[in-house]
Structures are given as C-alpha cells and as structure tokens.
Amino acid sequence: MTKYHLVRKEMLKKSLSVFDIFSGIGGFSLGLEKAGMQTVAFCEKDSFCQKILKTHWRDIPIFPDISKLTKDDFKTLKQIDIIAGGFPCQDISCAGKQVGINGSRSGLWKEFKRLINELKPKYAIIENVANLRSKGLVAVLQDLWEIGYDAEWHCIPASAFGAPHRRDRIWIMA
C-alpha cells in the first residue's frame, strides 16, 4: 500500500479537524467536510469572503490576518489535524509578473509554513498554480522537510474531474 493510500485510509477512518487558511468562500472545507472531516477554524482577510463563510459556517471562528495568528489563538479549539489552503498565487502565476515565492503576496507561504510548524498538524494540504513548479516548489518542499514533514506533490487538471477546461493545479500533501 502506498503512502498516499495509508494517509487516505487514516483520513477517512475518523473525523479529522481542519483549519482552513486562505479560505476564500470555503471550497476546501466544503470538500473536506463531504469526506467526513470537520472544519474548526478559518483564516480569511477578505470581508466579502468572510460574510460567505459566516453564512455557511455560523459557529466557526474566522481569523482575519494570518501574519498575526499564533498557537495561543487556538487554545480553545480542538487539536488541529489538518491545515489546508491555497496560498496566494499572484507572484507565481503565468498571468502575473512571476517574481516567485518571495513576492509580496505569494511570500505568504512563509506564514503558512510558520503555522504548520507551530500547530504541528498531522497533515498539510497545499494547493497552488502549476507554475509553482518553476517558481518555488523546491523552496516549499524544502521548508516542509526542515520542519519535519514528508511531502508528495502532483499536478492535477480540473478536466480530470469533468470541468470543460484544463486549469492545472499543484497539490502538495505533507
């Protein structure tokens, strides 16, 4: 049995708690909850997106600023099993200036890494544009390794799930 299959089996075995960061309108949580997991917190700065999250997850806390979050903010919540999110891609995307993972927006990866390191979840699920392969994937994988996580990545197009367009995305499981 591959490492992927062992992780999937564990994730489906019990209700794992999810901290959804860079949440947008909750796509990660919607999918993970359909797989039997439970969202315990969000981190999203956009006020419109926060309104959508509050509509669908009334009792789930929403933290507005990832750079100000610390482990202490989670004392009243249950242990985080999974941190999931897609950090900003504007500095990595082919549509942008392609300054890479250290750009002002995509550089928020460092905050994602910091929270993984502080909260020590069992798993991290990271999503981004496929161009990350040439604009920061090595740094992300090295960062994860440095804080004690093994990771695998794959590019999966939206068309693999029936969408009428390709739209490749990179998925990293750590």
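Residues numbered from 1 in each chain as written. Predicted model: local features only at pLDDT ≥ 70, side-chain atom pairs only at ≥ 80, totals over all residues. Heavy atoms only, no water.

Asker: Help me understand the overall build of the protein, please; the structure alone is not making it clear to me.
Answerer: In terms of regular secondary structure, the protein is built from six helices and seven strands. Starting at the N terminus and walking to the C terminus, you meet the elements of the protein as α-β-α-β-α-β-β-α-β-α-α-β-β. The C-alpha radius of gyration computed for the protein amounts to 16 Å, which stays within 12% of the reference 16 Å derived for 174 residues, consistent with globular compactness. C-alpha atoms of the protein, sized along the principal axes, occupy 40 × 40 × 40 Å. Here the protein holds 174 residues, and the buried ones make up 45% of them. Considering only contacts in the protein between residues 6 or more positions apart, those separated by 24 or more positions represent 59%. Approximately 9,700 Å² of the protein is accessible, and the part contributed by carbon and sulfur atoms is 55%. (Helix = DSSP H or I, 4+ residues; strand = E, 2+ residues; numbered from the N terminus. Rg over C-alpha atoms; globule rule 2.2 N^0.38 Å. Buried < 20%, exposed > 50% of the residue type's maximum accessible area, 1.4 Å probe, protein only. Contact = heavy atoms within 4.5 Å. Areas by Shrake-Rupley, 256 points an atom, 1.4 Å probe, with all protein chains shown as cover.)

Asker: Can you walk me through the packing of aromatic side chains in this structure?
Answerer: Taken as a whole and assessed by the stated rule, the structure comprises eight aromatic pairs. A centroid spacing of 4.9 Å and a plane angle of 70 degrees characterise the contact between Phe 19 and Phe 74, whose relative ring orientation is edge-to-face. Pair noted here: Phe 19 is in strand 1 (residues 17-21) and Phe 74 is in the loop between strand 3 (62-63) and strand 4 (82-85), with a separation of 55 residues, a long-range link. Since its relative accessible area comes to 0%, Phe 19 is described here as buried. (Phe/Tyr/Trp six-rings, centres within 6.5 Å; stacked < 30°, edge-to-face > 60°.)

Asker: Would you mind going over the packing of helix 4 (residues 109-119) against helix 6 (residues 137-146) with me for this structure?
Answerer: In a pair of packed helices, the angle between the axes and the distance between the axes together describe the arrangement. Relative orientation of the contacting elements helix 4 and helix 6 amounts to 20 degrees, with a least axis distance of 10 Å. Judged by the angle between their axes, helix 4 and helix 6 are roughly parallel. As for how helix 4 packs across helix 6, the hand of that crossing is right-handed. In this structure, helix 4 contributes Trp 109, Lys 110, Lys 113 and Ile 116 to the contact, and helix 6 contributes Val 140, Asp 143, Leu 144 and Glu 146. (Axes fitted to C-alpha atoms, helices over the stretch in contact; angles between N-to-C directions. Parallel < 35°, antiparallel > 145°, perpendicular 65-115°, else oblique. Left-handed = near helix turned anticlockwise from the far one by under 90°.)

Asker: Quick question: what am I supposed to make of the nonpolar core here?
Answerer: The nonpolar side chains of a soluble globular protein tend to be buried, and buried together. Formed by 32 residues in total, the largest nonpolar core has its most connected members in Phe 19, Ile 83, Phe 87, Trp 109, Phe 112, Ile 116 and Leu 144. Of all elements in the fold, only strand 1, strand 2 (38-43), helix 4, strand 5 (123-129), helix 6 and strand 7 (168-173) reach the threshold of two or more residues within this core. With five residues, the top contributor of residues to this core is helix 4. Once residues within four sequence positions are removed from consideration, Ile 116 is found in contact with Ile 83, Trp 109, Pro 121, Ala 124, Leu 144, Ile 147 and Tyr 149. Formed by nine residues, the second largest nonpolar core is a distinct cluster that contains Leu 16, Met 37, Ile 82 and Ala 84. (Core = buried A, V, L, I, M, F, W, Y, C linked by side-chain atoms within 4.5 Å.)

Asker: Help me understand the pattern of salt bridges in this model?
Answerer: Side chains carrying opposite charge are able to pair once their charged atoms draw close together. With the rule as written, the count across this model stands at eight salt bridges. Between Arg 114 and Glu 111 there is a salt bridge whose closest N-O contact spans 2.7 Å. Placement of both Arg 114 and Glu 111 in helix 4 is noted, with a separation of three residues, approximately one turn of the helix. Among the charged side chains, a salt-bridge network with shared partners connects Lys 110, Lys 113 and Asp 143. (Salt bridge = Lys/Arg side-chain N within 4 Å of Asp/Glu carboxyl O.)

Asker: What should I look at first to understand helix 2 (residues 27-34) in this one?
Answerer: Each full turn of the α-helix corresponds to 3.6 residues, which orients residues three or four apart in the same direction. The set of residues buried in helix 2 consists of Phe 28, Ser 29 and Leu 32. Seen along its axis, helix 2 keeps its buried residues to an arc of 90 degrees; they face one direction. In this structure, helix 2 carries Gly 27 and Lys 34 as exposed residues pointing more than 90 degrees from its buried face. Taken together, the buried residues of helix 2 touch strand 1, strand 2, strand 4, strand 5 and strand 7. Residue Gly 36 follows helix 2 closely and has a positive phi angle near 100 degrees. (Arc of directions from axis to C-beta.)

No statement about biological role is implied by the geometric values presented.
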